[in-house]
Amino acid sequence: MSATEAVDVVGTARDRVDGRLKVMGSATYPIDVTLPGLAHAVLVGSTVTSGRIRRIGVDAAERSPGVLAVITYLNAPALAHASATLRMGDPIGPQPLPPFQSDAVLHYGQHVAMVVAETREQANAAAALIEVTYARDTPLLSFDDPRTSPVFHPWTPDYDRGNVREALAAADVQVNETYTTAENTNNPIGLFATVAAWDGETLTVHDTTQHPHGVRDRLAVAFGIDPAGVRVLVPFVGGAFGAGLRVWPHVLLAALAAQVTKRPVKLVLTRAQMFTTLGHRPNTIQQVSIGASRDGQLAAIEHVSRSSIGMADELINLITYGTPHAYVCPNVSTRATQVRQSIPIPGWMRAPGEAEGSFALESAIDELSCALGIDPIALRVKNHAHVHPETGLPWSSNALLDCYRQGAERFGWPARNPEPRSMRNGRQLVGYGMARGALLAYQPPCKAIASIRRDGTAFVRSGATDIGPGPYTVMTMLAADCLGVPIERVQFGLGDSAMPRAPQEGGSGLTGALGNAVHATCVSLVRAFVNLVSDDEGSPLKGCRLEGITVRNGGIHITDDPARFETYASILTRHDLDELTIEGESAPPGETSSASMIVQAGRFIPYTAPSTGSRAHAGGYAAHFVEVQVDSDLGTIRVARVVSAVDGGRILNPKTARSQIIGGIAMGIGMALLEETVSDRTGRLVTTSLAEYVVAVNADVRDVDVLFVGQPDPMTPLGTKGVGELAITGMAAAIANAVYHATGTRIRSLPISIEKVLGHERPHSAEPFR
Ligand code: MOS
């Protein structure tokens, strides 16, 4: 490297900047927060699934040692509901109803009482003394219950292109099958906790959330106070996978407990409560019909889904969302209905809807390939959507064909004998399966603020969260490149609603949203320095323009004359400034702002978004290749090998991005083979611990190989597409397709249990509901 060459940190594999803190146990999660005079709240959950509270006996609990308050619907202050129009400024949909506002019980485990005491042990002891009697109703536990009502959600309207019925009837070959997916529960390792403290009319809350500003706004509505009077802090989250996207009732209850007792209060959910009060991925039944010509050209796709929703909830669930533009196909119809059930409030779990929808669609495509005798990759390549199937616009970026090609080569797909049950390794039946993965493009608005201080350090921050994917790390890298400040001298802050407004870390949209905001803000900060020196006689940079400079080594030099260099610290000192601070925000995808620049090796290259309406904004793509080994006697299934080829646009840090893909694969293995939230026939949850609800562990996740292909997406200066949820889409189908190839048994019902493989249990599709 020559002395004048600046080098980008972005794009290199870097360790997490917060890794050391985490492994040393020094990262403070909400559960770790303690305050002087802290009291402890515990929750009592309904033991029935549906009905009314007839009586709550609290006398013994109130007399129990250390108890400060027992709160139920009978004595709880009114909490205002956030109307459906309160979308937190971001399209995450309405929030659950406020707790303790009536005697109605809508699901098992619903909070019906709260005890606040000096210690958690005292609160638990008192909670055990509370006696609740109920008037029970018959819960709704089947989609076919005539009393239930279907819900059509505005975000998943009916979709029709061409005439599916006619095209199906005329097709040479048809596949028409029903697929089911089980209810799954997010199960982050970190127990969700809220610590709330009032000071007059102001409220400070430490809360396990993916969205500090959302929690702030929801609390402000509930308690009728100014959002500016609420501060939400969450520097670290011990996993969430979507469980922290909504403002759950316990968050409001913690603030209520603090208000009633006039003490700071900590509320930590139990693992069992994590199953009933933080949302979950609802179960689905999906019918997919595909018609094709003998040579494998798709003629029609129909995708009809029903999924569960709680008795009083709303949820955006994008089960059929990706189907209309998955393949080139003239006739497509989708329907997505939600059916009210007496179940805990559902939420979002990694790739909500798309994980389930892709299982059905990509299983059906595999079934078509078997019916036609065409290789499943060849069938997908033949029907690849080279342009957006609806608008005909070219994709902003789409390397799916490269994913198929490079993934197949890395995996060794040509060694596959297409005949099911034809490959063996001793007693193990060996199966190769593959599927397509895809995730919508999503970038909500985001703001950031950046400072350079007189000591030459940079501090960039935004009220976002890092639930594990690595925003702390990649935003530090990005700021270092944009400012030309060595990465060791850059600090990135997040997890505080007092910082500029950021969206939830969700929908795989945060890296794009926050990254483009950090990018634009840092460009504006450098521009502010340029303005400061442009007619500064004392600066070697006098007369410089943004287009002619390079940032590096904590300062700016003229690109064509590296000797003309000055550090930010020197500029600030001469101008007698302690720091220079600029607030900025991201431009929406497809829009150009004055701060829209591409920063490369310290230089600022003007960025222009593609002209309006000229491109279809593409999300991420993946091709998954899976080898399973199924014991021919015992039916045990091992995912021996996975190769995932991923088009995630520009990859900011291959190390953390790869971890995201591995995480998605691990959860895909769980979804396909292990995970099932089970209720009994009265609607009570049976699986309420990690002993009963089985997630994929290290022994289940063996040889995983991740390949990044593709190019930066041109719709934003940053060029990312989001990888947090991409890998779980299509993953369960790839495994199911491999199980079929290994065994000759097609399982259309998740999870693919040993019993189903051995044929000892009727697949759910015959009798799909509890
Ligand atoms: Mo994800 S379900 O958008 O956290």
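Structure's up top.
Anyway, here's the lowdown on the structure attached to this text. Each chain carries its own residue numbering, running from 1 in the written order of its sequence. The predicted origin of the model limits local features to residues at a pLDDT of at least 70 and limits the giving and counting of side-chain atom pairs to 80 or more, whereas totals for whole chains, interfaces and linings rest on all residues. The basis for every side-chain value is the complete set of non-hydrogen atoms in the structure, without hydrogens or water.

### Brief notes about the sheet that holds strand 3 (residues 67–72)
This is how the line gets drawn: Paired strands, as defined in this entry, are two strands with at least two bridges between them according to DSSP. The secondary structure listing takes helices from DSSP runs of H or I that are at least 4 residues long and strands from runs of E that are at least 2 residues long, numbered from the N terminus. For helices, the fitted line uses only the C-alpha atoms of the stretch in contact; every axis is such a line through C-alpha atoms, and the angle between N-to-C directions lies from 0 to 180 degrees. Contacts were defined at the residue level, with two residues in contact if any of their heavy atoms lie within 4.5 Å.
Read across the open sheet, the seven strands follow the order 3-5-1-13-10-11-12; overall the sheet is mixed. Two strands lie at the open edges of the sheet, namely strand 3 and strand 12 (230–233), each paired on one side alone. The mean angle between the axes of side-by-side strands here comes to 20 degrees, regardless of whether they run parallel or antiparallel. Where strand 10 (residues 193–199) meets strand 13 (residues 265–268), four bridges bridge the pair, whose relative direction is antiparallel. Considered in strand 13, the bridge of alanine 193 is made with valine 268. Running at roughly 145 degrees to strand 12, helix 5 (residues 212–223) makes contact with strand 10, strand 11 (202–207) and strand 12 of the sheet.

### So, the packing of aromatic side chains
Put simply, the rule reads: Stacked, tilted and edge-to-face are the three classes applied to pairs of Phe, Tyr and Trp rings, where Trp contributes its six-membered ring and a pair requires centres within 6.5 Å; stacked means planes under 30 degrees apart, edge-to-face means over 60, and tilted covers the rest. By definition here, charges over rings are those cases where NZ of Lys or CZ of Arg is within 6 Å of the ring centre and within 35 degrees of the ring normal.
Inspection of the entire model under this criterion finds twelve aromatic pairs. Note on phenylalanine 236 and tyrosine 472: the rings are 5.5 Å apart at their centroids and 35 degrees apart in plane angle, and the pair reads as tilted. A residue pair is termed long-range when its members are at least 10 positions apart, and phenylalanine 236 in the loop between strand 12 and helix 6 (249–261) and tyrosine 472 in helix 11 (residues 471–483) qualify at 236 residues. Taken together through their ring pairs, the aromatic side chains of Phe411, Trp413, Tyr432 and Phe625 make up a single cluster. The ring of tryptophan 348 has arginine 246 lying over it, and the distance from NZ or CZ to the ring centre is 5.4 Å. Lying across the ring of phenylalanine 411, arginine 641 places its NZ or CZ 4.1 Å from the centre.

### Focus on helix 10 (residues 400–411)
Selection rule: Working rule for helices: expected span equals 1.5 Å times residues minus one. Only protein chains enter the accessibility calculation, which uses a 1.4 Å probe; a residue is then buried when its area is under 20% of its type maximum, exposed when over 50%, and partly exposed in between. When we speak of the arc, we mean the arc of directions from the helix axis to the C-beta atoms.
In a regular helix each residue adds 1.5 Å, so twelve residues correspond to 16 Å; helix 10 covers 16 Å between its end C-alpha atoms and thus fits that length. All of the buried residues along helix 10 are Leu400, Cys403, Tyr404, Gly407, Ala408 and Phe411. Considered in projection along helix 10, the buried side chains sweep an arc of 110 degrees and stay on one side of the axis. Counted as exposed and oriented over 90 degrees from the buried face of helix 10: Arg405 and Glu409. If you follow the buried residues of helix 10, they end up packed against helix 9 (376–382), strand 18 (428–439), strand 28 (620–631), strand 29 (637–647) and strand 30 (703–708). Positive backbone phi, approximately 85 degrees, marks glycine 412, located one or two places after helix 10.

### Some details on the pattern of salt bridges
Note the cut-off: Should a side-chain nitrogen of Lys or Arg be within 4 Å of a carboxyl oxygen of Asp or Glu, the pair is scored as a salt bridge.
A full pass over the atoms with the stated rule returns 33 salt bridges. With a closest N to O distance of 3.1 Å, arginine 216 and aspartate 217 form a salt bridge. Looking at arginine 216, the relative accessible area reads 17%, which means it is buried. Note that glutamate 627 is salt-bridged to arginine 641, the shortest N-O span being 2.8 Å. Within this pair, whereas glutamate 627 is found in strand 28, its partner arginine 641 is found in strand 29, the two being separated by 14 residues in sequence. For glutamate 627, a relative accessible area of 10% corresponds to the buried category. A network of salt bridges, in which partner residues are shared, links Glu177, Asp366, Glu367, Arg746 and Arg748.

### Quick notes on the sheet that holds strand 6 (residues 131–136)
Reading across the sheet, the three strands line up as 4-2-6 and stay open at both edges, with antiparallel pairing between neighbours. The strands lining the two open edges of the sheet, one partner per strand, are strand 4 (104–105) and strand 6. Bridge count between strand 2 (residues 51–57) and strand 6: six bridges; the pairing is antiparallel. Residue pairing for strand 6: glycine 57 is matched across the bridge by glutamate 131.

### Regarding the state of the cysteines
Chemically, a disulfide is nothing more than a covalent bond linking the sulfur atoms of two cysteines. Keep this limit in mind: In this description, a disulfide is simply a cysteine sulfur pair whose atoms lie within 2.5 Å.
Under the defined criterion, the tally for this structure stands at zero disulfides. Here cysteine 446 stays unpaired: no disulfide links it, and the sulfur of cysteine 522, its closest cysteine neighbor, is 12 Å away. Of the residues examined, cysteine 446 reaches a relative accessible area of 2% and is grouped as buried. You can see cysteine 544 has no disulfide; the closest cysteine sulfur is in cysteine 482, sitting 17 Å from it. The buried category is assigned to cysteine 544, whose relative accessible area is 8%.

### Remarks on the nonpolar core
Cut-off, in case you're wondering: Residues belong to a common nonpolar core when they are buried Ala, Val, Leu, Ile, Met, Phe, Trp, Tyr or Cys residues joined through side-chain atoms within 4.5 Å.
Within the largest apolar cluster, 94 residues are counted, with the highest numbers of intra-cluster contacts made by Leu298, Leu368, Phe625, Val626, Val628, Ile735 and Ile752. Among residues more than four places away in sequence, those in contact with valine 626 are Phe411, Gly431, Tyr432, Gly433, Val639, Arg641, Val642, Met731, Ala734, Ile735 and Ala738.

### Some thoughts on the environment of alanine 645
Positionally, alanine 645 belongs in strand 29. Alanine 645 gets classed as buried once you look at its relative accessible area, which sits at 0%. Between the C-alpha atoms of alanine 645 and phenylalanine 411, which are 234 residues apart in sequence, the distance is 9.9 Å. Contacts of alanine 645, omitting those with residues within four sequence positions, involve Cys403, Gly407, Tyr621, Ala622, Ala623 and Leu707.

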